[in-house]
Amino acid sequence: MKTIGVLTSGGDAPGMNAAIRSVTRTALAMDMSVKGIYRGFNGLLTNHIDDFSPRSVSNIIGRGGTILYTARCPEFIPIEGVRKGVQTCKNEGIDGIVVIGGDGSFRGARDLSNEGVPCVAIPATIDNDIASTNYTIGFDTAMNTAMELMDKLRDTTQSHDRCSIVEVMGRRAGYIAIHTGIACGANSILTLETKDDYTIDNAIKRIINTKTNRYRHFIIVVSEGYTAETKVDANSLAKKIEAATGIESRATILGHVQRGGTPSVRDRVAASQLGYRAVELLKEGKENRVVGFMKNSIVDYEINAALDMKKDNNDELFKIAKTISF
Ligand code: ADP
């Protein structure tokens, strides 16, 4: 392993830059060369690749987004696209790649490994929806952004005796919703995982049971996945809640602001740890692996095995949220 490539792919997450920096500096420190590949797997199809020095990653550890840009690359899903990427690696002298992204990106990394370019993947997604790790880069920053915005919303919600329905990101998993819901004292948290329990009707019942003449403000957190699956968007939810409870209700969709911003300490450190380990694995001759955290240790799994794992449903957190939110 003389030269490694690094790329960011799929949805962006704060801390991706810290991971790029760690991969680059670790590889250079281990006497390997580094090439930055731009716009995810696209860079392998368009030859947008730069040689990286230690200074290529200066002053990026605190920056959100990704200096390598990120993209979805449907051309990389058929095997012909992957083989074109393999040819680029041969032409560029890239012996292995660290892929930073979500589980879609892991599949691209697996396909590249199977075609002869060793890859190690690093989980980075604000949703924390990857089963092979307890933690994904970007989750902490995104939660803190959502929490800060919700705190501001709570001030005005309280002053006007309103109910705020706040939609947070999380298409397949309600991790941001459950954590920020607890952190901001939400009255109900609607996510895919709790569909049967935390229904709209139950949320309405909780408001009716809690409201008094003096206490009339509520926060309901709803995950993106929940509104998509139930086909009741946040505005319709607000109308339904207002009609049933008599409390003026407004919807706020936090949206893409949750993806940006300067990464938290946790994300910078996690990115530095996983970047280091990913390079170490390539150096040891490992491939087709994904790194992550399990019970505070750094672990790695074969990519297909990682993709087959099932994430837990946060049942304990939901129980606590329900118990203390009235
Ligand atoms: P994320 O990595 O955040 O989950 P995507 O699911 O959009 O984001 O995947 C990012 C990219 O990974 C895709 O655009 C594609 O290039 C590659 N990819 C996704 N799924 C596959 C697959 N089944 N096989 C090969 N490559 C894939």
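Above this text sits the structure in question.
Residues numbered from 1 in each chain as written. Predicted model: local features only at pLDDT ≥ 70, side-chain atom pairs only at ≥ 80, totals over all residues. Heavy atoms only, no water.

Draft legend 1. Broad picture of the pairing of strand 2 (residues 33–37). Judged by how many residues are buried, strand 2 sits mostly within the fold: four of five residues are covered. Two elements, strand 1 (residues 3–8) and strand 2, share four bridges in a ladder whose sense is parallel. For Thr-3, the partnering residue across the bridge sits in strand 2 and is Ser-33. Running through helix 1 (residues 16–29), the crossover from strand 1 to the neighbouring parallel element strand 2 is right-handed. (Buried < 20%, exposed > 50% of the residue type's maximum accessible area, 1.4 Å probe, protein only. Helix = DSSP H or I, 4+ residues; strand = E, 2+ residues; numbered from the N terminus. Pairing = 2+ DSSP bridges. Right-handed = clockwise from strand over helix to strand, strands pointing away.)

Draft legend 2. How the structure looks around the packing of helix 1 against helix 10 (residues 265–283). Taken N-terminus to C-terminus, the directions of helix 1 and helix 10 make an angle of 40°; their axes are 7 Å apart at the nearest point. Relative to helix 10, the crossing made by helix 1 is right-handed. Residues Ala-18, Ala-19, Ser-22, Val-23, Thr-26 and Ala-27 of helix 1 form the contact with helix 10, whose participating residues are Arg-268, Ala-271, Ser-272, Gly-275, Tyr-276 and Val-279. (Axes fitted to C-alpha atoms, helices over the stretch in contact; angles between N-to-C directions. Left-handed = near helix turned anticlockwise from the far one by under 90°. Contact = heavy atoms within 4.5 Å.)

Draft legend 3. Quick peek at the sheet that holds strand 8 (residues 218–223). The four strands are arranged 7-8-6-9 in an open sheet whose pairing can be described as parallel. In this open sheet, the two edge strands, each paired with only one partner strand, are strand 7 (188–190) and strand 9 (249–253). Here the average twist between neighbouring strands, direction ignored, is 20°. The pairing of strand 6 (residues 163–168) with strand 9 spans five bridges and is classified as parallel. Across the sheet, Glu-167 pairs through a bridge with Ile-253, a residue of strand 9. Its contacts with the sheet place helix 9 (residues 234–245) against strand 6, strand 7, strand 8 and strand 9, and it is angled at close to 160° to strand 9.

Draft legend 4. Highlighting a nonpolar patch on the surface. A surface patch of nonpolar side chains, about 240 Å² in accessible area, is lined by Ile-182, Ile-320 and Ile-324. Residue placement: Ile-320 occurs in helix 12 (residues 315–324). (Patch = residues over 30% accessible without salt bridge, like charges linked within 9 Å, V, L, I, M, F, W, Y side chains within 5 Å. Areas by Shrake-Rupley, 256 points an atom, 1.4 Å probe, with all protein chains shown as cover. Salt bridge = Lys/Arg side-chain N within 4 Å of Asp/Glu carboxyl O.)

Draft legend 5. A look at the nonpolar core. Counting residues in each nonpolar core, the largest one holds 75 residues, and the members touching the most others are Ile-4, Val-98, Ile-100, Ile-122, Ile-165, Val-168 and Leu-190. Ranked by the residues each element gives to this core, the list is headed by helix 10, at seven residues. Leu-44, Ile-49, Val-86 and Leu-307 belong to the second-largest nonpolar core, a separate cluster that totals 25 residues. (Core = buried A, V, L, I, M, F, W, Y, C linked by side-chain atoms within 4.5 Å.)

Draft legend 6. Local environment of the packing of aromatic side chains. Applying the stated criterion across every chain yields a total of four aromatic pairs. Arranged with centres 6.3 Å apart and planes meeting at 85°, the rings of Phe-139 and Tyr-175 form a pair that is edge-to-face. Of this pair, Phe-139 sits in helix 5 (residues 139–159) while Tyr-175 sits in helix 6 (residues 175–183), and the two are 36 residues apart along the sequence. Clustering of aromatic rings is evident, with ring pairs tying together Tyr-135, Phe-139 and Tyr-175. The ring centre of Tyr-69 lies 4.2 Å from the NZ or CZ of Arg-39, which sits over that ring. When the ring centre of Tyr-135 is taken as reference, the NZ or CZ atom of Arg-266 above it lies at 3.8 Å. (Phe/Tyr/Trp six-rings, centres within 6.5 Å; stacked < 30°, edge-to-face > 60°. Lys NZ or Arg CZ within 6 Å of the ring centre and 35° of its normal.)

Spatial relationships are all this shows, so hold off on functional conclusions.
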